[in-house]
Amino acid sequence: MTVPPAGPRPRPRAALAMSPDAASAVLGPESLSALSDLCDLAPLPALDDLTTPRARAVLAGVDLLVTGWGCPPLDADVLRAAPRLRAVVHTAGSVRGHVTDACWERGIEVSSAAAANAVPVAEYTLAMILLTGKRVLETARDHRASRTAPDWLRTPRTVGNHHRTVGILSASLIGRRVIELLRPHDFEVLLHDPYVDAGEAAELGVELVGRAELFRRGDTVSVHTPLLPGTRHLVGRDLIDSMRPDAVLINTARGAIVDQDALTDAVLAGRIRAVLDVTDPEPLPPDHPLWRCDNVLLTPHLAGSQGNEWRRLAGLALSEIARWTSGEGFRHPVRRERLAFLA
């Protein structure tokens, strides 16, 4: 593990490595001005191809890369062209797409705005837990169709959020944030995470259970597991078929974590409901039956940071750069040894 040197660093040379659209979305004029106050920033546009003569000229003198969506892999060839590169600050979540083994072998320090991106995902999840518990989306649809007032005193006792059981699959950054947001509500919260012990579960205020029990007991099960080789189709047919009638499966993680064929069968049969911000593939083919299923809410991967929420990503990245340039080290470092547990 690289230990940052004590004391402030000489003023570093920095460059943006991401798609131009990502750069203009996440780093507005104020953010670019703040970045320029901290570093000698290479002129725009951002680098989205690290093999061009311009990119190679910039990389030759760069100490810090500020990366984002659309950053090419920082492989050994790129690093040879960037002999001074010491740090990467990512303005989004996962660094798996661009931080390669060559970066870790060189001892490059890495930081990510994953903690900032977790906030809107958790907020979206909380909103969907509350809305689906109250059956707001279905009731609104039926109300629009009938244009009459329902007899609310005949509402089934299965509707509502009082002491509803919510299962959280994985105490990831987002999963933990969801648990935090659930605390003020009258929910029973279950957690399955093989890396969390009973003491930590008690600190989180959740009941630690096995994966099968989580799906069997949950009125709502929310998936927050990173997509890794061992988690593909982690939520399989057996788990889906074990869910309570009218239970809700929420997936804001990655579509491939869930066996989509099994889920499609369950929702088309009317046994459970689903809120899917991610699918496999994204988007689904136009003729996929999930598009026509009233038991499913499909959203286009919008739970993560969008619009004014990008400012949160930029703010965290700038804070990390300020710490790094002053010699403090990153508050949100990405460690190579933790990659097996991260998205």
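One numbering rule holds for all chains: residues counted from 1, following each sequence as written. Since the coordinates come from a predicted model, pLDDT governs what is reported: local features require at least 70, and pairs of side-chain atoms require 80 or more to be given and counted, while whole-chain, interface and lining totals use all residues. Neither water nor hydrogens contribute to the side-chain values; these are computed over all heavy atoms in the structure.

Description of the packing of helix α6 (residues 114-133) against helix α13 (residues 310-325)
It is at 8 Å that the axes of α6 and α13 come closest, and there the two elements cross at 160°. For the element pair α6 / α13, the angle class is roughly antiparallel. Between α6 and α13 lies a crossing whose hand is right-handed. Residues Ala115, Ala116, Asn117, Val119 and Pro120 of α6 form the contact with α13, whose own contacting residues are Arg312, Leu313 and Leu316. Of the residues contributing to the contact of α6 with α13, the split by class is six nonpolar, one polar and one charged. Here an axis means a line fitted to C-alpha atoms, over the contact stretch when the element is a helix, while the angle between two N-to-C directions is reported on a 0 to 180 degree scale. A helix here means a DSSP run of H or I that spans at least four residues, while a strand means a run of E at least two residues long, and both kinds are numbered starting from the N terminus. Oblique is the label for any angle not covered by the other classes, which are roughly parallel (under 35 degrees), roughly antiparallel (over 145) and roughly perpendicular (65 to 115). With the far helix as reference, a near helix turned anticlockwise by less than a right angle produces a left-handed crossing, and one turned clockwise produces a right-handed crossing. Contacts: residue pairs with any heavy atoms within 4.5 Å of one another. Classification convention: Asp, Glu, Lys, Arg as charged; Ala, Val, Leu, Ile, Met, Phe, Trp, Tyr, Cys, Pro as nonpolar; all other residues, Gly among them, as polar.

Remarks on the UniProt feature "domain: D-isomer specific 2-hydroxyacid dehydrogenase NAD-binding" (unreviewed entry) in the protein chain
UniProt positions are given in the numbering used here, feature names are shortened, and annotations may be inferred rather than shown by experiment. UniProt records the feature "domain: D-isomer specific 2-hydroxyacid dehydrogenase NAD-binding" (unreviewed entry) at residues 127-303, using the numbering of this structure. In residues 127-303, helix accounts for 32% and strand for 16%; the two terminal C-alpha atoms are 11 Å from one another.

Here's the deal with the state of the cysteines
Criterion for a disulfide: a pair of cysteine sulfur atoms at a distance within 2.5 Å. Tallying each qualifying case throughout the model produces zero disulfides. Of all cysteine sulfurs, the one in Cys71 lies closest to Cys39, which takes part in no disulfide; the gap is 16 Å. Of all cysteine sulfurs, the one in Cys71 lies closest to Cys103, which takes part in no disulfide; the gap is 8.9 Å.

Quick look at the sheet that holds strand β7 (residues 187-192)
In spatial order, the strands read β8-β7-β6-β9-β10-β11-β12; together these seven strands make up an open sheet with parallel pairing. The open sheet has two free edges, formed respectively by β8 (207-208) and β12 (296-298), since each of these has just one partner strand. Here a strand pair is declared whenever DSSP counts at least two bridges between the two strands. Judged from the three bridges that link them, strand β11 (residues 273-276) and β12 form a sheet pairing that is parallel. Among the inter-strand pairings, Ala274 is bridged to a residue of β12, identified as Val296.

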